[in-house]
Amino acid sequence: MKNNIVIFFLSCIGGIIFFSAHIPLPWTIGPLVTTLLWKTVRKKPIHWPKSIRNTGLIFLGYAMGSPFTLQVGQQILDQLPGMLLTTFTTMTLSLLAGWFTCRFTGVGMVNGLVGSIPGGLSQMAVICEEIDGADVAVVTLMQITRVLTVVFIVPMLAIYGLTNNSTPLPLFASTASLQFEQFLPFGIVCIISAFIARVIRIPTPYLMGPVIGTIALIIQGYNAPHLPQYITALAQIFIGIRMGADITFDGLTNWKSIVSYSFGGVIFVIAGSLGIDYLLVKLYGIPFLTAFISTAPGGITEMGLTAMTVHADVSLVVAYQLFRLLSMLLLGIPLLRWWLGKKAIHKTLQPTL
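What you are looking at is a predicted structure, and each value in this text was computed from that prediction instead of being measured.

### Considering the overall build of the protein chain
And step 1. Scanning the protein chain from N- to C-terminus turns up 15 helices and 0 strands.
And step 2. Taken across its 353 residues, the protein chain has 50% of its residues classed as buried.
And step 3. Summarising the internal contacts of the protein chain: among those between residues at least 6 apart in sequence, 76% fall at separations of at least 24.
And step 4. Summing over all exposed atoms, the protein chain offers an accessible surface of approximately 17000 Å²; the carbon and sulfur share of this is 68%.

Structure, rendered in structure tokens:
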């Protein structure tokens, strides 16, 4: 408990420093870097409870779902072809980048491909345990490199390259207080929907459950009040600490090579996605900034936060990211698993029991 309090206050300081330096997503990246440094200095692992991280995800899920309107819902339905094109392109580019990583680092075809897929970090770590020949440590390192690269690069480009309209969230802001009476039904639904999403195994349940629950209430005619900025900032701190606590390089002698090629692969995917962004702008007339964040190979949480910071269309960004994640988990991973299994059978000339 004492260690948790210490790392929390250090992470708040890290967030303040990053905020003062105008670094993108300061309340996520600041605690993440602070946690990594503290863990390195102490040479001991940091145990940050998942329950605290999950609480932050619930609040962020509400914040991401609250901008939804019926007009946005219709816009999402109209853009399903664009979502399919985006998912296919991102998947193809990611697998190609994974092949290069495998080719030049010697991590093996299975690790190179599974580690490069832009799915959820926790989901990919679990899935690789079910695939023969996959190394959890290698896959996790590649996925962490992807997430961190996107977390740093995409917000930096979005804020300083594509817009000047960004508002990093201060921790203690003198804005309107939480309208408790209006928020209460949303709070109850967010908590219930998070646990339901976990039971039925929706990816990132503590984030996506509240997003879906919030949208459902809005469709029913409820008005979603804005969260005070300090709540959103605290939620990001909770998540950033957990991300930093989960990162480890232990047991990987060639981690520098893996990180270097994984980093290059992510840059390749981001660059390749720019062409799809241009098509989305032409086809649907959405702002290039929204298209850029929607197609970035990051996580729903990180890209949703980026969209909130630069005033992009949060609902559309979350929709694109969720569609890609579900497509990867429900279709992409099973197909890849089947292909790898078929290749292994062909190589050994006998079925694996």
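Next, the rest of the story.
### So, unusual backbone geometry
And step 1. Positive phi, normally seen in glycine, also occurs at Lys43, with a value near 55°.
And step 2. Looking at the secondary structure, you find Lys43 in the loop between α2 (26-42) and α3 (50-65).
And step 3. Accessibility expressed as a relative area gives 75% for Lys43, which makes it exposed.
And step 4. Not every positive phi belongs to a glycine, and His311 is a case in point at roughly 60°.
And step 5. With respect to the element layout, His311 can be found in the loop between α14 (300-309) and α15 (314-348).
And step 6. You can call His311 partly exposed: its relative accessible area is 45%.

### Describing the packing of helix α9 (residues 180-199) against helix α10 (residues 205-219)
Between two packed helices, what matters for the description is the angle formed by their axes and the separation of those axes.
And step 1. Packing of α9 against α10 brings their axes to within 7 Å, and their N-to-C directions diverge by 130°. With respect to each other, α9 and α10 are oriented oblique. In the crossing of α9 with α10, the sense of the turn from one axis to the other is right-handed. Seen from α9, the contacting residues are Pro185, Phe186, Val189, Cys190, Ser193, Ala194, Phe195, Ala197 and Arg198; seen from α10, they are Pro205, Tyr206, Gly209, Pro210, Gly213, Thr214, Leu217 and Ile218.
And step 2. For the contact of α9 with α10, the class distribution of residues is 12 nonpolar, 4 polar and 1 charged.

### Concerning the UniProt feature "transmembrane region" (unreviewed entry) in the protein chain
And step 1. As annotated in UniProt, the feature "transmembrane region" (unreviewed entry) corresponds to residues 6-37, 83-102, 144-163, 183-200, 207-224, 261-281 and 318-340 in the numbering used here.
And step 2. Across residues 183-200, helical content stands at 94% and strand content at 0%; the span's end C-alpha atoms are separated by 25 Å.
And step 3. Along residues 261-281 one finds 100% helix and 0% strand; the C-alpha atoms at either end are 31 Å apart.

### Here's the deal with the nonpolar core
And step 1. If you look at the biggest cluster of nonpolar residues, it comprises 62 residues, and the most contacted ones within it are Met64 and Ile293.
And step 2. When residues no more than four places from it in sequence are discounted, the contact partners of Ile293 are Ala158, Met303, Thr306, Ala307, Val310, Ala312, Val317 and Gln321.
And step 3. Listed in part, the 12 residues of the second largest apolar core include Val114, Ile131, Ile333 and Leu336.

### Comments concerning the packing of helix α4 (residues 70-78) against helix α5 (residues 80-105)
And step 1. Their axes nearest at 4 Å, the elements α4 and α5 cross at an angle of 55°. If you check the angle between α4 and α5, you find them oblique. Taken together, the residues of α5 that come into contact with α4 (itself represented by Ile76, Leu77 and Asp78) are Leu80, Pro81 and Met83.
And step 2. Of the residues belonging to the contact of α4 with α5, the class tally is 5 nonpolar, no polar and 1 charged.

### Focus on helix α12 (residues 255-284)
And step 1. The terminal C-alpha atoms of α12 lie 42 Å apart, and with 30 residues this matches the ideal 44 Å at 1.5 Å per residue to within 8%.
And step 2. Taken as a whole, α12 carries its principal kink of about 25° at Leu274.
And step 3. Every buried residue belonging to α12 is among Ile258, Ser262, Gly265, Val266, Val269, Ile270, Ser273, Ile276, Asp277 and Leu280, and all of these are buried.
And step 4. Positive phi shows up at Gly285, right after α12, with a value of about 70°.

### With respect to the packing of aromatic side chains
And step 1. Across all of its chains, the model carries 12 aromatic pairs by this definition.
And step 2. Ring geometry for Tyr62 versus Phe183: centroids 5.0 Å apart, planes at 90°, classification edge-to-face. Taken as a pair, Tyr62 in helix α3 and Phe183 in helix α9 lie far apart in primary sequence, 121 residues in all.
And step 3. When its relative accessible area of 10% is taken as the criterion, Phe183 is described as buried.
And step 4. What links up through ring pairs into an aromatic cluster is the set Phe59, Tyr62, Phe183, Phe186 and Tyr222.

Rules used throughout
Residues numbered from 1 in each chain as written. Predicted model: local features only at pLDDT ≥ 70, side-chain atom pairs only at ≥ 80, totals over all residues. Heavy atoms only, no water. Helix = DSSP H or I, 4+ residues; strand = E, 2+ residues; numbered from the N terminus. Buried < 20%, exposed > 50% of the residue type's maximum accessible area, 1.4 Å probe, protein only. Contact = heavy atoms within 4.5 Å. Areas by Shrake-Rupley, 256 points an atom, 1.4 Å probe, with all protein chains shown as cover. Axes fitted to C-alpha atoms, helices over the stretch in contact; angles between N-to-C directions. Parallel < 35°, antiparallel > 145°, perpendicular 65-115°, else oblique. Left-handed = near helix turned anticlockwise from the far one by under 90°. Nonpolar A, V, L, I, M, F, W, Y, C, P; charged D, E, K, R; others polar. UniProt positions renumbered as here; feature names shortened; annotations may be inferred. Core = buried A, V, L, I, M, F, W, Y, C linked by side-chain atoms within 4.5 Å. Expected span 1.5 Å × (residues − 1). Bend = angle between axes of the 7 residues up to and from the residue. Phe/Tyr/Trp six-rings, centres within 6.5 Å; stacked < 30°, edge-to-face > 60°.

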